[in-house]
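Summary of structural features
Next come the chains, spelled out residue by residue.
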Amino acid sequence: MRPASRAWLLALVLALAALPPTGAMVAEGESRRLYVQPSPLAGVVAGFAEAPAAARFDFARLLIDALVTAYESELDSSVFEGRRDAADRRKLARWQQATLPLLAELRVAQAALYVASHVEVRMDRHNQILVLIDGRPLWVAWPRITAQPRLEQELAAEFCRRHDCARDGGDGSTRAALGPAGVQGHWQLSQRHPPAWETADGLRCEFADLAERGAKEATCRAIVADLHALALVLREASRGGERVQWERLSLQADTGAGPQRVTVNERGDYVQASVPALAAHPVDWTAAGRWLQARAQGRPMTATVLPATRRR
């Protein structure tokens, strides 16, 4: 098979592997998945229509370098992974044989970047990231799906540290790529209330004292970043005509690593989003729901989403 044909085949395989299942039937009364949060990188890529070539190159370099590192790490760790029977060993061998050519293709793309005359990055119709290096396509697929949100959030934050991701003044989808680092807030100290870290748009985290102040601020920043991301997800679900009962919002019990499920109505319909800080801390979902509803309606609202009286 010619190298060019092999590249196209690889791209097709990656694209198909990332597609959601089709044809699934939902029985009457069953809960439904209403919306899945797109990649944290989507907001960054959306701004590339007017971006300079240097920014597109830097993004592609960061992305492909991270892919190479991720696949190398998975292959290295698989060598030392214990297997209890022959079937497991055969399965591991097949995975390694399939992954080595993929890693080789990524290294080819990594080298091709530095001699390319044109680099383009965009989202395809399935919301997958597509990198075109002198017209040669590479669809982004990570070796471990559960690690994808963290890796892509780190990439978005790193890119936005180097470039101006805070330029959009609309829905904040690009600014959301900054994660906790993009959250602006300050401490509120009062004799009548516990110390609190508060954002300009009304989200508050209260604490019993100011011990380990930096760690507490980091906790609140992470919670606030997750709520901002969830607000965007709920807005998109609502745009599709789906019913959101704000008083019913709750985080489903953890079913494993990866994006969390947030229930949005009495039937149990849910959206899927990467909100690990909301899962890790005892957030007051009644207060969070009020703030999210106000945000969706364009109203100001102050809400203490992490009360000092709750154990942490």
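Residues numbered from 1 in each chain as written. Predicted model: local features only at pLDDT ≥ 70, side-chain atom pairs only at ≥ 80, totals over all residues. Heavy atoms only, no water.

Turning next to the state of the cysteines. Taken as a whole, this structure holds one disulfide when the rule is applied. Between the sulfur of Cys-205 and that of Cys-220 lies a disulfide, 2.1 Å long from S to S. Given an S-S torsion of about 85°, the disulfide between Cys-205 and Cys-220 has right-handed geometry. Taken together, the residues Cys-205 in strand β7 (residues 203-206) and Cys-220 in helix α6 (residues 213-239) connect sequence positions 15 residues apart. (Disulfide = S-S within 2.5 Å. Helix = DSSP H or I, 4+ residues; strand = E, 2+ residues; numbered from the N terminus.)

The N-to-C vectors of helix α3 (residues 53-79) and helix α4 (residues 86-113) enclose an angle of 155°; their axes lie 10 Å apart at closest approach. On the basis of the axis angle, α3 is roughly antiparallel to α4. Classified by chirality, the crossing of α4 by α3 is left-handed. (Axes fitted to C-alpha atoms, helices over the stretch in contact; angles between N-to-C directions. Parallel < 35°, antiparallel > 145°, perpendicular 65-115°, else oblique. Left-handed = near helix turned anticlockwise from the far one by under 90°.)

With that settled, consider the sheet that holds strand β9 (residues 260-263). The strands making up a sheet associate through hydrogen bonds between their backbones, and the pairing can be parallel or antiparallel. Pairing is mixed across the open sheet formed by four strands, whose spatial order is β1-β10-β9-β8. The strands lining the two open edges of the sheet, one partner per strand, are β1 (33-36) and β8 (250-251). Sheet topology places β1 next to strand β10 (residues 270-273); three bridges connect them, and they run parallel. The residue bridging Val-36 from the neighbouring strand is Gln-272, located in β10. Packing of α6 onto the sheet brings it into contact with β1, β9 and β10, and relative to β10 it is tilted by some 140°. (Pairing = 2+ DSSP bridges. Contact = heavy atoms within 4.5 Å.)

Enumeration over the complete set of coordinates arrives at 22 salt bridges. A salt bridge links Arg-295 to Asp-201; the nearest nitrogen and oxygen atoms lie 3.2 Å apart. Placement of Arg-295 in helix α8 (residues 285-296) and of Asp-201 in the loop between β6 (196-199) and β7 is noted, with a sequence separation of 94 residues between them. Classification of Asp-201 as partly exposed rests on a relative accessible area of 25%. Between Arg-221 and Glu-217 there is a salt bridge; the shortest N-O distance is 3.1 Å. (Salt bridge = Lys/Arg side-chain N within 4 Å of Asp/Glu carboxyl O. Buried < 20%, exposed > 50% of the residue type's maximum accessible area, 1.4 Å probe, protein only.)

Attention now goes to the sheet that holds strand β3 (residues 129-133). The sheet built from three strands is open, its strands ordered β2-β3-β4 with antiparallel pairing. The outermost strands of the open sheet, each flanked by one partner alone, are β2 (119-123) and β4 (136-139). With direction set aside, neighbouring strand axes in the sheet form an average angle of 20°. Pairing geometry for β2 and β3, over five bridges, is antiparallel. Residue pairing in the sheet places Val-121 in a bridge with Val-131 of β3.

For the rest of this paragraph, the subject is α8. Here α8 is twelve residues long and its end C-alpha atoms lie 16 Å apart, about the 16 Å a rise of 1.5 Å per residue gives. The set of residues buried in α8 consists of Trp-285, Ala-287, Ala-288, Gly-289, Trp-291, Leu-292 and Ala-294. Capping of α8 at its N-terminal end is provided by Asp-284; its side-chain oxygen lies 3.1 Å from the backbone amide nitrogen of Thr-286. (Expected span 1.5 Å × (residues − 1). Polar contact = N/O pair within 3.5 Å; in protein donor to acceptor, adjacent residues only side chain to side chain.)

This part takes up the confidence of the model for the protein chain. On average, residues of the protein chain score 83 in pLDDT, and 82% of them reach the 70 mark or higher. Under a pLDDT of 50 for its full length, residues 1-26 has, in the predicted model, 20 contacts with residues more than four places off or in other chains. (pLDDT = per-residue confidence, 0-100.)

What follows concerns helix α5 (residues 148-162). Taking 1.5 Å per residue as the helical rise, α5 with its 15 residues ought to reach 21 Å, and the 21 Å between its terminal C-alpha atoms agrees with that figure. Within the span of α5, buried status applies to Pro-149, Leu-151, Glu-152, Leu-155, Ala-156, Ala-157, Phe-159 and Cys-160. Here the buried face of α5 lies against α2 (42-46) and α3.

The next point concerns the packing of α6 against α8. It is the contact of α6 with α8, at a shortest axis distance of 10 Å, that shows an interaxial angle of 55°. Judged by the inter-axis angle, α6 sits oblique to α8. Once α6 is placed against α8, the crossing between them reads as right-handed. Touching Leu-227, His-228, Leu-230, Ala-231 and Leu-234 of α6 are Trp-285, Ala-288, Trp-291, Leu-292 and Arg-295, all from α8. Of the residues belonging to the contact of α6 with α8, the class tally is eight nonpolar, one polar and one charged. (Nonpolar A, V, L, I, M, F, W, Y, C, P; charged D, E, K, R; others polar.)

Taken together, the side chains of Arg-89, Arg-90, Lys-91 and Arg-94 make up a positively charged region of the molecular surface. With respect to the helices and strands, Lys-91 occurs in helix α4. (Patch = residues over 30% accessible without salt bridge, like charges linked within 9 Å, V, L, I, M, F, W, Y side chains within 5 Å. Areas by Shrake-Rupley, 256 points an atom, 1.4 Å probe, with all protein chains shown as cover. Lys, Arg positive; Asp, Glu negative; His and termini not counted. Charge placed at Lys NZ, Arg CZ, Asp CG, Glu CD.)

Alignment of β3 against β4, held across four bridges, turns out to be antiparallel. Pairing of Ile-133 across the sheet is with Arg-136, part of β4. Where β3 hands over to β4, the hairpin turn is made up of two residues, of which Asp-134 adopts a positive phi near 50°.

All told, the structure shown has five aromatic pairs when counted by the stated rule. With centroids separated by 5.1 Å and ring planes inclined at 75°, the aromatic side chains of Phe-48 and Phe-59 adopt a geometry described as edge-to-face. On the criterion of sequence distance, the pair formed by Phe-48 in the loop between α2 and α3 and Phe-59 in helix α3 is long-range, its members being eleven residues apart. For the ring pair Phe-48 and Phe-159, a centre distance of 5.8 Å and an interplane angle of 80° mean the geometry is edge-to-face. Here Phe-48 is found in the loop between α2 and α3, whereas its partner Phe-159 is found in helix α5, with 111 residues between them in sequence. Phe-159 shares its class with Phe-48; the two are buried. An aromatic cluster is built from Phe-48, Phe-59 and Phe-159, whose rings are joined through pairwise contacts. (Phe/Tyr/Trp six-rings, centres within 6.5 Å; stacked < 30°, edge-to-face > 60°.)

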